[in-house]
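Next come the chains, spelled out residue by residue.
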Amino acid sequence: MADDRFHVYDTTLRDGAQQEGLNLTVADKLAVARHLDGLGVGFIEGGWPGANPKDTEFFRRARTELDLKHAQLAAFGATRRAGVKAADDPLVAALRESGAPVVTLVAKSHDRHVELALRTTLEENLAMIRDTVSHLRAEGQRVFLDAEHFFDGYKSNPAYALEVLRTAAEAGADVIALCDTNGGMLPDELADIVHEAVQAGARVGIHCHDDTGCAVANTLAAVRAGATHVQGCANGYGERSGNANLFTVVANLQLKRGFDLVPQAALADMTRIAHAITEVTNVTPNSHAPYVGMSAFAHKAGLHASAIKVDPNLYQHIDPAAVGNDMRMLVSDMAGRASVELKGRELGYELTGEHTKALVERVKELESRGFTFEAADASFELLLRDTVHGERKRHFEVESWRVIVERTKGGELVSEATVKVHAKGERIVATGEGNGPVNALDKAVRLALEQLYPELAKVQLVDFKVRILEDTHGTDAVTRVLITSSDDTGEWATVGVAENIIDASWQALEQAVTYGLLRAGRDC
Ligand SMILES: CC(=O)SCCNC(=O)CCNC(=O)[C@H](O)C(C)(C)COP(=O)(O)OP(=O)(O)OC[C@H]1O[C@@H](n2cnc3c(N)ncnc32)[C@H](O)[C@@H]1OP(=O)(O)O
Ligand SMILES: CC(=O)C(=O)O
């Protein structure tokens, strides 16, 4: 079990699930909880039992299906309604019956909210807090309190906001998490208010939203001011602009401030965990996310690469391995010799000065015509091999290709492609039909080559991106096509550029197949 002196409290399954477009099934919630436990967080807020059948079901299934090693489950819910006993409130009963060892109660701490949203008196709100906390404590549950709108409340009526905090603490709440519910705070003012709350004598936590882009900074400022419980969500999910990104918070506190929050090995697995959670949530990962984003340690500028060649720390704030990420070199028209040399090394090639120079010039020339190599590693590697080995060994030569698109009598659009290739001394003509011209070409080329290269059966076209590039280098508009392919061990991307979209697609497709053969062990 995690150290109780400082809490890492995850609210992905409750506040994170309040993100627009994010919908989790019970099975998804269980899967995310397992990932978070793998990271070593102390508490996982599973949802609001009683508010909807799914969250009630989550807590029911969690009892038998979750074998948490580090975390404790917390059930979230509100204080009792005005004018009823806590023991008689059905939503409080659902918290009691959830089986969660911890209950986190949301309570109003802003006088205007009490009067306008709860439509009750300030005294009754305090009684709602007192009764609900003490009732659940008496039932054997540990209670935390989320003081909603604490900072705005403090600015409106500091005495009342602090009274809420004291009331909850005296009734037996272990932590009062101060919530920047509207996410409008900035770190300096927030820290001053946290300091005042800590002086009031309660154990203080922090829960920040990112509406000013300061959720993580606010969380760190709160910790500096005395908060010993941090709340946040995986990948910064949450209402509106999201919650404090818990991964960023944990990495910052552990790596920069020396806190011992999660096991070192789990921290070194954080990038994988962050991405595994995006697979469950079906939310595209933010490649620029601090620490765990694909681009978090990707270097594009030639000057950066030349210094990194001497010492990676010259352009990196930490060793990416500490959070399970990797340094990557991006090759583009901003590359210099060092970028290309390091990229070559990353791909397993030691380039000579002469080859490096030739490759830099070739990359810059092709990029000026619309190619992009930072997004097409496989095309870069084929270019590198051409530069190093001269004309590469061809496993197939294309005699011609043709695509027709037909609208049938029934109104259906059918694409048909014919490719003529020479391979292993044979001339092969193959025809493929598809739901679009590129799909038809892909099928035709595979049909032609799979007979001779059966390993191509594993190669799939998984993504296809088209972009029209206006006025590249003083020419007319050209089309750039990026194709992502996969086999049973990974993915690779190739690029084609031409005035004609099918021609651009063909270039990318031909390289995709060539690279697929290279991966399958056929030297090119
Ligand atoms: C800041 C946050 O993110 S807090 C988390 C918010 N999350 C959610 O709201 C998601 C889950 N919520 C729900 O499913 C529903 O809102 C429920 C089941 C909780 C309540 O549904 P309903 O009974 O239909 O009420 P409704 O949603 O319209 O209004 C909320 C009620 O809770 C009351 N309420 C709000 N905060 C509190 C509180 N801290 N303590 C007690 N009651 C509260 C409101 O005054 C309102 O009461 P009213 O019904 O007398 O007007
Ligand atoms: C409780 C909560 O989610 C908030 O105040 O933002």
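Residues numbered from 1 in each chain as written. Chains lettered and ligands numbered in written order. Predicted model: local features only at pLDDT ≥ 70, side-chain atom pairs only at ≥ 80, totals over all residues. Heavy atoms only, no water.

- The protein goes by Citramalate synthase in an unreviewed UniProt entry, where it is assigned to Nonomuraea bangladeshensis.
- Quoted verbatim from the Sequence similarities (unreviewed entry) field of the UniProt record, the comment on the protein reads "Belongs to the alpha-IPM synthase/homocitrate synthase family."
- Entered under Pathway (unreviewed entry) in the UniProt record, the comment concerning the protein runs "Amino-acid biosynthesis; L-isoleucine biosynthesis; 2-oxobutanoate from pyruvate: step 1/3." (UniProt positions renumbered as here; feature names shortened; annotations may be inferred.)

## Here we look at the overall build of the protein
And step 1. When its secondary structure is counted, the protein shows 18 helices and 16 strands.
And step 2. Structurally, the protein occupies a C-alpha span of about 90 × 60 × 45 Å along its principal axes.
And step 3. For the protein, with 524 residues in total, the buried portion stands at 53%.
And step 4. Here the contacts in the protein between residues at least 6 apart in sequence split such that 66% fall between residues at least 24 apart.
And step 5. Per element, the accessible surface of the protein, about 23,100 Å² overall, is 48% carbon and sulfur.
And step 6. Each charge class in the protein was averaged separately, 55 positive and 75 negative side chains, and the resulting centres sit 2 Å apart. (Helix = DSSP H or I, 4+ residues; strand = E, 2+ residues; numbered from the N terminus. Buried < 20%, exposed > 50% of the residue type's maximum accessible area, 1.4 Å probe, protein only. Contact = heavy atoms within 4.5 Å. Areas by Shrake-Rupley, 256 points an atom, 1.4 Å probe, with all protein chains shown as cover. Lys, Arg positive; Asp, Glu negative; His and termini not counted. Charge placed at Lys NZ, Arg CZ, Asp CG, Glu CD.)

## Here we look at the site of ligand 2
And step 1. Near ligand 2 the following residues occur: Arg14, Asp15, Val106, Asp146, Glu148, Cys179, Thr181, His207 and His209.
And step 2. Separating an oxygen atom of ligand 2 from a side-chain N or O atom of Thr181 is a distance of 2.6 Å.
And step 3. A distance of 3.0 Å separates an oxygen atom of ligand 2 from a polar side-chain atom of His209.
And step 4. Contact with the protein chains hides 94% of the accessible area of ligand 2, taken as 220 Å² for the molecule alone.
And step 5. Tallied by class, residues from the shell around ligand 2 come to two nonpolar, three polar and four charged. (Near = heavy atom within 4 Å. Polar contact = N/O pair within 3.5 Å; in protein donor to acceptor, adjacent residues only side chain to side chain. Nonpolar A, V, L, I, M, F, W, Y, C, P; charged D, E, K, R; others polar.)

## Considerations on the site of ligand 1
And step 1. Inspection of the region around ligand 1 gives 18 residues, with Thr79, Arg81, Val106, Ala117 and Arg119 positioned closest.
And step 2. For ligand 1, a nitrogen atom lies 2.7 Å from a polar atom in the side chain of Thr79.
And step 3. One of the backbone nitrogen or oxygen atoms of Ala117 is found 3.2 Å away from an oxygen atom of ligand 1.
And step 4. For ligand 1, the accessible surface in isolation is 1,000 Å², of which the surrounding protein chains cover 56%.
And step 5. Secondary-structure elements contributing two or more residues to the shell around ligand 1 are strand S3 (72-78), strand S4 (102-108) and helix H4 (111-118).
And step 6. The greatest single-element share of the shell around ligand 1, amounting to three residues, is contributed by S4.
And step 7. A breakdown of the residues in the shell around ligand 1 according to their chemical character gives nine nonpolar, three polar and six charged.

## A closer look at the packing of helix H17 (residues 437-450) against helix H18 (residues 501-519)
And step 1. The contact between H17 and H18 brings their axes to 10 Å, and the two run at 35 degrees. Relative to H18, H17 is oriented so that their crossing is right-handed. In this structure, H17 contributes Pro437, Val438, Leu441, Asp442, Val445 and Leu449 to the contact, and H18 contributes Ile502, Ser505, Trp506, Leu509 and Val513.
And step 2. Classifying every residue of the contact of H17 with H18 gives nine nonpolar, one polar and one charged. (Axes fitted to C-alpha atoms, helices over the stretch in contact; angles between N-to-C directions. Left-handed = near helix turned anticlockwise from the far one by under 90°.)

## Structural notes on the pairing of strand S16 (residues 491-498)
And step 1. Counted residue by residue, S16 has seven buried out of eight residues, so it is predominantly covered.
And step 2. Relative to S16, strand S15 (residues 478-486) runs antiparallel, the two sharing eight bridges. By the bridge assignment for S16, Val481 is matched with Gly496.
And step 3. Taking the residues between adjacent antiparallel strands as the criterion, S15 and S16 are bridged by four residues. (Pairing = 2+ DSSP bridges.)

## Quick word on unusual backbone geometry
And step 1. Although it is not a glycine, Tyr291 sits at a positive phi angle of roughly 65 degrees.
And step 2. Its location among the elements puts Tyr291 in the loop between helix H12 (270-281) and strand S9 (298-299).
And step 3. With a relative accessible area of 3%, Tyr291 lands in the buried category.
And step 4. Look at Lys424: it is not a glycine, yet its phi comes out positive at around 45 degrees.
And step 5. Tracing the chain through its elements places Lys424 in the loop between strand S12 (413-423) and strand S13 (426-434).

## Comments concerning the side chain of Asn243
And step 1. Looking at the element boundaries, Asn243 is found in the loop between strand S8 (229-232) and helix H10 (246-256).
And step 2. Given a relative accessible area of 3%, Asn243 falls into the buried group.
And step 3. Setting aside anything within four residues of it in sequence, one finds Asn243 in contact with Thr11, Asp15, His207, Cys208, His209, Asp210, Ala215, Cys233, Gly236, Tyr237 and Gly238.

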